[in-house]
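Analysis of the macromolecular model
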Amino acid sequence: MAEPVRARRLTDQEGRRLLQIVRRGKHGSVRVRRAMIIMASASGTLVPAIARLVAAGEGTVRDVIHAFNARGLAALDPRWAGGRPRLISDGDIEVIVTAARTRPEKPVQPFTRWSLRKLAGYLAGPGRPVRIGRERLRQVLHERGISFQRTRAWRESADPDRDAKLDRIEYVTSACPDRCFASGRSGPLPVPALPRRVPGAARTAGPAARDLSSHPRHPLLPRLLLRGR
């Protein structure tokens, strides 16, 4: 028959330290419960009785006693693991950052910019799969200073005289600062687009016969800029 598990004989220093922890420590803390287990076992109390005293399992009590016999008072501080093992390595983070900074390929990805959902799905694909949640992906990108911006479209003029016109505009704006210009969504408007009498407006008799281009609801009025007097 195996001998019962029991803590070794305490030294005077260990006894005073354990008693101090039990008296001054917070009730229910890990150190206090372990100190009670060691003191009770050293006094001859059996494992089942100690388990009922500290409301713990018998296996836990035996582990504390074995740890004290091996490491002394260092057994009062349990060696717990640091939590869940890391799933995303430094190499995976570099893959994530490289993919986030690369524009999506149109033949492969039918969009022009990334989102958290699209990037997470792309990273989990074939090649070197990196399985990561959206929140963790957001944290990684935030730590690297990466944010997704809306795609901006730019148009280039196909006019062969574009440079000559730009030179003319620069000359006029610098040499004639008091000159007014009219412009719309299609660019600067020519001088003939200034308000003028609309054909057929003079056929209306009475006060209604007026220049319709000055009417507040005329479609051309928002695009026109009158010369200064």
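Residues numbered from 1 in each chain as written. Predicted model: local features only at pLDDT ≥ 70, side-chain atom pairs only at ≥ 80, totals over all residues. Heavy atoms only, no water.

**Structural notes on the packing of aromatic side chains**
If you walk through the whole model with that rule in mind, you get 1 aromatic pair. An angle of 45 degrees between the planes, with centres 5.0 Å apart, marks the rings of Trp-114 and Tyr-122 as tilted. (Phe/Tyr/Trp six-rings, centres within 6.5 Å; stacked < 30°, edge-to-face > 60°.)

**Observations regarding the side chain of Arg-34**
As for its placement among the helices and strands, Arg-34 is situated in helix 2 (residues 30–42). For the buried Arg-34, no salt bridge is present, and the opposite-charge side chain at shortest range is Asp-63, 7.5 Å distant. Among the polar contacts made by the side chain of Arg-34, one reaches the main-chain carbonyl oxygen of Ala-75 at a distance of 2.7 Å. With sequence-adjacent residues up to four places away left out, Arg-34 is seen in contact with Val-64, Ala-75, Leu-76 and Pro-78. (Helix = DSSP H or I, 4+ residues; strand = E, 2+ residues; numbered from the N terminus. Buried < 20%, exposed > 50% of the residue type's maximum accessible area, 1.4 Å probe, protein only. Lys, Arg positive; Asp, Glu negative; His and termini not counted. Salt bridge = Lys/Arg side-chain N within 4 Å of Asp/Glu carboxyl O. Polar contact = N/O pair within 3.5 Å; in protein donor to acceptor, adjacent residues only side chain to side chain. Contact = heavy atoms within 4.5 Å.)

**Overview of the packing of helix 5 (residues 90–100) against helix 7 (residues 134–143)**
Taken N-terminus to C-terminus, the directions of helix 5 and helix 7 make an angle of 75 degrees; their axes are 10 Å apart at the nearest point. With respect to each other, helix 5 and helix 7 are oriented roughly perpendicular. Residues Ile-93, Ile-96 and Ala-100 of helix 5 touch helix 7, and the partners they reach there are Leu-137, Val-140 and Leu-141. (Axes fitted to C-alpha atoms, helices over the stretch in contact; angles between N-to-C directions. Parallel < 35°, antiparallel > 145°, perpendicular 65-115°, else oblique.)

**As for the nonpolar core**
The biggest cluster of nonpolar side chains holds 20 residues, and the ones touching the most others in it are Ile-37, Ile-38, Val-61, Ile-65 and Leu-76. Of all the elements in the fold, those that place two or more residues in this core are helix 1 (12–24), helix 2, helix 3 (47–54) and helix 4 (58–71). Apart from residues lying up to four places away in sequence, Ile-37 is in contact with Ile-50, Val-54, Val-61, Val-64 and Ile-65. Counting residues in each nonpolar core, the second largest holds 17 residues, with Ile-88, Ala-99, Phe-111 and Val-130 among its members. (Core = buried A, V, L, I, M, F, W, Y, C linked by side-chain atoms within 4.5 Å.)

**Observations regarding the confidence of the model for the protein chain**
Here the protein chain averages 76 in pLDDT, and 69% of its residues register 70 or above. When pLDDT is averaged over each helix and strand of the protein chain, the minimum, 54, is found for strand 2 (residues 187–188) and the maximum, 91, for helix 4. Across residues 200–205, confidence stays below pLDDT 50; counting only partners more than four residues off in sequence or on other chains, it has 4 contacts. Confidence drops under pLDDT 50 across residues 220–229; counting only partners more than four residues distant or on other chains, this segment forms 20 contacts. (pLDDT = per-residue confidence, 0-100.)

**Comments concerning the pattern of salt bridges**
On inspection of all chains with the given rule, the structure shows 7 salt bridges. The residue Asp-77 makes a salt bridge to Arg-31 at a minimum N-O spacing of 2.6 Å. Of this pair, Asp-77 sits in the loop between helix 4 and helix 5 while Arg-31 sits in helix 2, and the two are 46 residues apart along the sequence. Measuring nitrogen to oxygen at the nearest pair gives 3.5 Å for the salt bridge that ties Glu-58 to Arg-62. A residue pair is termed a helical-turn pair when its members lie 3 or 4 positions apart in one helix, as Glu-58 and Arg-62 do in helix 4 at 4 residues.

**Some thoughts on the side chain of Ser-41**
Position of Ser-41 among the secondary structure elements: in helix 2. When residues no more than four places from it in sequence are discounted, the contact partners of Ser-41 are Val-5, Arg-6, Ala-7, Ile-50 and Ile-65.

**Describing the packing of helix 1 against helix 2**
It is the contact of helix 1 with helix 2, at a shortest axis distance of 9 Å, that shows an interaxial angle of 135 degrees. Classified by the angle between their axes, helix 1 and helix 2 sit oblique to one another. You can see that helix 1 and helix 2 cross each other, and the crossing is left-handed. Every residue of helix 2 that contacts helix 1 at Arg-17, Leu-18, Leu-19, Ile-21 and Val-22 is listed here: Arg-31, Val-32, Ala-35, Met-36, Ile-38 and Met-39. Grouping the constituent residues of the contact of helix 1 with helix 2 by class yields 9 nonpolar, no polar and 2 charged. (Left-handed = near helix turned anticlockwise from the far one by under 90°. Nonpolar A, V, L, I, M, F, W, Y, C, P; charged D, E, K, R; others polar.)

**Topic: unusual backbone geometry**
Unlike most non-glycine residues, Ala-55 shows phi in positive territory, near 55 degrees. Structurally, Ala-55 can be placed in the loop between helix 3 and helix 4. You can call Ala-55 exposed: its relative accessible area is 67%.

**Observations concerning the environment of Arg-33**
Its place among the elements puts Arg-33 in helix 2. Taking the C-alpha atoms as reference, Arg-33 lies 9.9 Å from Val-64; in sequence the two are 31 residues apart.

**Some thoughts on helix 5**
Restricting attention to buried positions, one finds in helix 5 the residues Asp-92, Ile-93, Ile-96, Val-97, Ala-99 and Ala-100. The buried residues of helix 5 occupy one face: seen down the axis, they fall within an arc of 165 degrees. The outward face of helix 5, more than 90 degrees from its buried face, is lined by the exposed residues Asp-90 and Thr-98. Each element contacted by the buried residues of helix 5 is listed here: helix 6 (116–123) and helix 7. (Arc of directions from axis to C-beta.)

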